[in-house]
Amino acid sequence: MVDIAEVRMGYSFRGRLETDAEGDVAVIQMKDIDDANLLHPEGLARIHMPDLKDRHLVRAGDLLFRSRGATNSAALVGADIGRAVLAAPMLLIRPNTELVEPAYLQWFINHPATQAALAGRAAGTAVKMIGKGVLDSLEVALPPLERQRLIVEVAQFSSREAALLEELRGRRKALIEGILLREAQETR
């Protein structure tokens, strides 16, 4: 991946975060990314960091990689979230958009085959960790940009279809349960 993206460690804070609702910088932590790999910027902790350099700021198109724990997946920063910094131990992946679509790289990293390959290279016994070097050396299948966009579009349609089918299944079950209850309560 080193040829198509820059991978770097999140910002290392010394000690506990001293949050302040009026802070000038938002801090992205692992807890701010849900199981569907979506970032929830509305709940980010805020702090004062007057000396923060621009190179530490997260920007739209960056990937936020959970390097520790059971889930080692990436979330895409889809929109400008203002001044925000990624906290260590997470890794920031900044794709070279001339070579790779950020959404495609996210899809590739989160694909079950890639996740299995990463899990096989995780270090640690109690808490598994994927280091920067593992991501740097990750071989990424790289079709042309237009094909990358099509892959992402089909993957998004597939995810939407799965969500709709799950909703339909739930509604069908509730309907059948209601009909059966009504039948059971009818007196003859």
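If you're wondering where the values come from, they're calculated on a predicted model, not measured in any experiment.

Examining the pattern of salt bridges
Next, step 1: Applying the stated criterion across every chain, the model contains eight salt bridges.
Next, step 2: Arg-149 is paired through a salt bridge with Glu-101; the nearest N and O atoms lie 3.0 Å apart. Placement of Arg-149 in helix H4 (residues 145-185) and of Glu-101 in the loop between strand E7 (91-95) and helix H1 (102-110) is noted, with a sequence separation of 48 residues between them.
Next, step 3: With its nearest N and O atoms 3.3 Å apart, the salt bridge here joins Glu-146 to Arg-149. With Glu-146 and Arg-149 both in helix H4 and three residues apart, the pair spans about one turn of that helix.
Next, step 4: One connected set of salt bridges, linked through shared partners, spans Glu-101, Glu-146 and Arg-149.

Examining the sheet that holds strand E6 (residues 84-86)
Next, step 1: One open sheet holds the three strands; their spatial order is E3-E2-E6, and the pairing between them is mixed. Among the strands making up the open sheet, the edge pair consists of strand E3 (45-47) and E6. Neighbour-to-neighbour, the strand axes of the sheet open up by a mean angle of 35 degrees, direction not taken into account.
Next, step 2: In the sheet, strand E2 (residues 25-28) pairs with E3 via three bridges, with the strands oriented antiparallel. Across the sheet, residue Val-27 finds its bridge partner in E3, namely Ala-45.

Each value, and the rule that gives it
- Residues numbered from 1 in each chain as written.
- Predicted model: local features only at pLDDT ≥ 70, side-chain atom pairs only at ≥ 80, totals over all residues.
- Heavy atoms only, no water.
- Salt bridge = Lys/Arg side-chain N within 4 Å of Asp/Glu carboxyl O.
- Helix = DSSP H or I, 4+ residues; strand = E, 2+ residues; numbered from the N terminus.
- Pairing = 2+ DSSP bridges.
- Axes fitted to C-alpha atoms, helices over the stretch in contact; angles between N-to-C directions.

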